[in-house]
Structures are given as structure tokens and as C-alpha cells.
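Results of the structural survey
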Amino acid sequence: MKLSIYRFNPETDDRPRMQAYEIEPEAGDKKLLDVLMRLRTVDDSLSFRRSCREGVCGSDAMNINGRNGLACLTALAGLKEPVVLRPLPGFPVIRDLIVDMTQFFAHYHAIKPYLINDGPPPEREHLQTPEQRARLDGLYECILCACCSAFCPSYWWNPDKFIGPSGLLQAYRFIADSRDTATAERLDYLDDVYRLYRCRTIMNCTEVCPKGLSPSHAIERIRLALLQRSS
Amino acid sequence: MRLFRGQRAWLVQRISALLVLALLAAGGLALLLGPPLDHARWHALATGVHGGPLIMLLFAALCAHAWVGMRDIVLDYVQPRALRLSVLTLVALVLFAVLVRVLLTLAAHFAPPG
Amino acid sequence: MAKPGDARPVFLDLFRIRFPIGAIASILHRASGVLLFLALPPLALGLEMSLRGEAQFEALRSLLPAPWRIVIGTILAWAATHHLLAGIRHLLMDVGVGSALGTARASARAVLAIALLAALFAAWRGLS
Ligand code: HEM
């Protein structure tokens, strides 16, 4: 199998380059990550993040043949060769396929990704009806891999000001939560030319989400919630 | 730079788009129903009690719509502050000139019956 | 500290990114919006001319020499059709109609195709 991988070592390189690799996958290799791990036994300077190797930790997001995805969920079968691997678009490269996610997580923290409830604490727990709980489906599963935000043109142009699809999906996860009482403040924070309204409904986010979630749908619901509030 | 709050601009763009859509549909229908368009019929339509104000409304909606749209594009691609301000000013001037031109034209020819 | 590579590179080579169909429809919505914006001043002047008199009204049709008339007419027919249809698509998706990925892909394809047909039709009309 032929691969072409983006290489950049800040200690020795002025600029990134593409390196060609050729390696035979073995019988047990099913996913792209398997081949990457095997490559590392040949070239231990090749750097990428990985941890759970099963689409839960969200570490091994990268641009695979021009589209963002998780190496551990990308099947080898059907990959066009040479497989071209690059770091997530628009994110500063630390080394090879490892990008700096500081800004991405700053947006995540800014939307207050935790339940806020200023009512009296319940005796045991905040109960939800099955319907209320169902509203969180398609939202809580986000693993913050950044495939979506790094595939969003609006995020490329304004990464410092636009929250991006991932952060907005997370924001809606708490707006939609019946136990959260900070909906008004959350919406106030989002009603901004940059934070929410850079989204042009391109839907690149939904196209590449490795968990099959739809950030564009969450954004649509936030806009409608804002609309409902002001009418 | 806050030329608009987020939601307001977004709403202006949707409402103006709907307005343009409705006016274009109505105008298209008015032109299609009836004899082929010649100068006399066009003049009567565009300077009448309904036609004149509706054309003005159409251009007002178009300009509001184009302003938000062009502003969005500038906010994405033109990051240096001074350049951004210049481009936005230019866009605003063009749209303002279009509005004035259309208003003067329609006012000069406005001829409600009676 | 480190000498080379103090600045972190960013991979953002748009020609090496595979854009989904919705992204193509979207960037063309933007491009067509700019074209329509550029068409607004001539449109206002055309309105003025069309009302000034019979002769000017008739002259509007042949204001531009033939090749330009056809080229500009075709481009504007494409821009107007694409922008209008993509705009309607957006307005519907804003209220949740057709905003699921499968439908959105199909409607993006339809918009691209119909706008192309409109351009071909305009070119054919101009040539014949
Ligand atoms: C001369 C007429 C028009 C001009 C100059 C114009 C211009 C623009 C511009 C520059 C944009 C920004 C595009 C972007 O941000 O990517 C835009 C967006 C938009 N236009 Fe128009 N437009 C016109 C007519 C229309 C019509 C007739 C409709 C009706 C369907 C429409 C619907 C929309 C919508 C819904 C958007 C927002 C899309 C988004 O948020 O991404 N436009 N327009």
C-alpha cells in the first residue's frame, strides 16, 4: 500500500514536505490506523495522536485523501492510493499530523459545556422524561475530534471568533437539556455576528462527522431558538 | 466591529430575500399576463400608483439584502481593519447610489392617474 | 529556542481538499451573489434609460456589442438562477425543510444542474 504523508519537524524543517511510504498491510490490519502503527515500526519519527483506536477518544483526526476523518474508523478497503494524509486543515501544525487544538478547546470552554442549574438542588437527582432525554440524542455523542470544525470554511476564515460547528453542537446540547436553566444566557452569548452567524449552512461539518452527528442541524435549532425568543 | 447584531442581520437577509422573491414573482406575473412588453406598457407599469412604489420597494429590499451579503463576505475574507473598512464603505456607497438613482428616476416619472 | 520552524505551518491548500457537493453549491451562491451585486448599478441605470423614452427603451436591447451581450447575458442568467434557487434552498433549510444530509445533497445537485441549464438556454437564445 502506498501512502503520502505530510511531514514537518519544527526542529529541523523550515517548511512541511510530503513523504512517500510503501508498506504491506498484514492480515489483521483493517483500519488506516493499523497501517499507521505499522509504519511507525519502520519510521519511528512519524508523529500522530492516537489513543483508544476505536472512535471514542477522537485523537486521530486527520485529513485523509482530502476529507477529514478518524484514522481508526477509516477502512483500508476502498481507500484510493496513494493514501494522502495531512493534518487537520486550518489548524497550526505542531509536528507531522499533530495539530494545535488550543483555540478549538477555548471555544469549547467558552460555551460552558456543563449543566447550569440555579434551582434548589433536588433531593436525589434531576429527573428527565424519556422525551426530554431523547432530545440529547445526536448531541451528547460528540467526541471533540475537530473533524467538523477543521472542515468548515467559516471556521478557516475566522477561527478566533467563530465558535465552529463542534462548539455550537456542544452549546446546543446544553440548550436542549431540560435540566439546564441558563438557556437565556447561552443564547445571549451566541447571538453574535461571529460566534454563531458566520455559519453559512455549507454542511461540511455534517458531511465529515465520524460519529454521524449533524452540527448543522444543531446550528439550525439554535437560530430558531433565537428567533422564537425574539418574537 | 459591530455593524449589526448577529441575529438582526441574519433576519434582514431572510426577510429581504422573501420580499425580493415575492416582488419578482408578482412582477414576472404582471409582465407575462398581457400583451408583449413594449415601451408604452412598461412605462405605464413602472410609473403607476402600484408599479412605482413596488419597484422602489424591490430595490430597497435588494440593497438591504446585498449589504448584509457583501458584509458577510468581507467579514470572512478581508481581515486587515483598514482595508475591511474601505471595502465596506465602497459597498455601502454603491448601494446608496443605486437607491438614489432609482428613487430619482421613479420620482421623475411618477404619474398616478388624476 | 528552536531556530527553524518558529512559525507553525497551517495546511489549508483548498485544491487538495475534497469538497462535498453542498460546499460547491455554497461557494457558487457566494460568487453569484457578488455578480448580482455588481449588476445592480447597471440595472439602476437601465431602469432610468427604459423610462426616458421609446428610443432609449429599444436601444437597451443592443446596448452592448453582440459577443459581450451574449457572454454577460449568459453569466448573469447563470448567476441569477443559481443564487435564486440556492437562496430558496437556504430559506427552506433554515426552517428545517430538506436540511437532512441526504436531501441537502440532492437539492444542491439540483440547484447546480438547473442553473447550468439556465446558462445554456441563455447562451442558445443569445446565439440564435
Ligand atoms: C440582485 C439580487 C441579489 C443580490 C445582489 C444578492 C446578493 C447576495 C450576497 C452577496 C449574499 C452573500 C452570500 C454569502 O454570504 O455567501 C447573498 C446571500 C443570500 N441570498 Fe442573495 N442576492 C440577491 C438576490 C437574492 C434572491 C432573489 C434571493 C431569494 C431566494 C436571495 C437569497 C439569499 C439568501 C437566502 C442568502 C443567505 C445565504 C447564506 O446565509 O449563506 N438572494 N445574497
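Residues numbered from 1 in each chain as written. Chains lettered and ligands numbered in written order. Predicted model: local features only at pLDDT ≥ 70, side-chain atom pairs only at ≥ 80, totals over all residues. Heavy atoms only, no water.

Let's talk about the overall build of chain A
Along chain A, the regular secondary structure elements total eight helices and seven strands. For chain A, the proportion of its 231 residues judged to be buried stands at 53%. At a minimum sequence separation of 6, the contacts of chain A that also span at least 24 residues come to 63%. Computing the positive centroid from 30 side-chain charges and the negative centroid from 30, chain A places the two 3 Å apart. (Helix = DSSP H or I, 4+ residues; strand = E, 2+ residues; numbered from the N terminus. Buried < 20%, exposed > 50% of the residue type's maximum accessible area, 1.4 Å probe, protein only. Contact = heavy atoms within 4.5 Å. Lys, Arg positive; Asp, Glu negative; His and termini not counted. Charge placed at Lys NZ, Arg CZ, Asp CG, Glu CD.)

Structural notes on the environment of Leu36(A)
Residue and element names in this part refer to chain A. Mapped onto the elements of the fold, Leu36 is located in helix 1 (residues 32-42). By relative accessible area, Leu36 is classed as buried at 0%. For the pair Leu36 and Met101, spaced 65 residues apart in sequence, the C-alpha separation works out to 21 Å. The residues touching Leu36, leaving out its near neighbours within four places in the chain, are Ile5, Leu46, Phe48, Met62, Ala71 and Leu85.

Structural notes on helix 4 (residues 81-109) of chain B
A rise of 1.5 Å per residue sets the reference length of helix 4 of chain B, with its 29 residues, at 42 Å; its end C-alpha atoms lie 42 Å apart and thus fit the reference within 8%. Of all the positions in helix 4 of chain B, only Arg84(B), Leu88(B), Val91(B), Leu95(B), Val98(B), Val102(B), Thr105(B), Leu106(B) and His109(B) are classed as buried. Packed against the buried residues of helix 4 of chain B are helix 2 (39-47) and helix 3 (51-77) of chain B together with helix 1 (21-52) of chain C. (Expected span 1.5 Å × (residues − 1).)

Points about the site of the ligand
Near the ligand there are 23 residues, and of these Arg200(A), Arg14(B), His65(B), Arg30(C) and His83(C) occur at the shortest range. Around the ligand, the neighbouring residues derive from chains A, B and C rather than from a single chain. Sorting the residues of the shell around the ligand by element identifies helix 1 (6-32) and helix 3 of chain B together with helix 1 and helix 3 (66-94) of chain C as the ones contributing at least two each. Ranked by residues supplied to the shell around the ligand, first place goes to helix 3 of chain B with seven residues. Taken together, the residues that form the shell around the ligand break down as eleven nonpolar, eight polar and four charged. (Near = heavy atom within 4 Å. Nonpolar A, V, L, I, M, F, W, Y, C, P; charged D, E, K, R; others polar.)

Considering the packing of aromatic side chains
This structure, assessed with the given rule, holds ten aromatic pairs over all chains. Here Trp157(A) and Tyr77(B) contribute two aromatic rings whose centre-to-centre distance is 5.6 Å and whose plane-to-plane angle is 70°, an arrangement assigned as edge-to-face. Here the residue Trp157(A) occupies a position in helix 4 (residues 153-157), and Tyr77(B) occupies one in helix 3, the pair thus bridging two chains. Judged by relative accessible area, which is 24%, Trp157(A) ranks as partly exposed. Aromatic pair Phe121(C) and Trp124(C): ring centres 5.8 Å apart, planes at 40°, arrangement tilted. With Phe121(C) and Trp124(C) both in helix 4 (residues 101-127) and three residues apart, this pair spans about one turn of that helix. (Phe/Tyr/Trp six-rings, centres within 6.5 Å; stacked < 30°, edge-to-face > 60°.)

A short note on the nonpolar core
Counting residues in hydrophobic clusters, the biggest one holds 70 residues, and the most contacted among them are Leu3(A), Ile5(A), Leu32(A), Leu36(A), Leu85(A), Phe91(A) and Ile222(A). Sequence-distant contacts of Phe91(A), that is, excluding residues within four places in its chain, are made with Val99(A), Asp100(A), Met101(A), Phe104(A), Ala146(A), Ala150(A), Tyr155(A), Pro9(C), Val10(C) and Phe11(C). One finds Ala46(B), Ile73(B), Val78(B) and Leu51(C) within the second-largest nonpolar core, a separate group that totals 31 residues. (Core = buried A, V, L, I, M, F, W, Y, C linked by side-chain atoms within 4.5 Å.)

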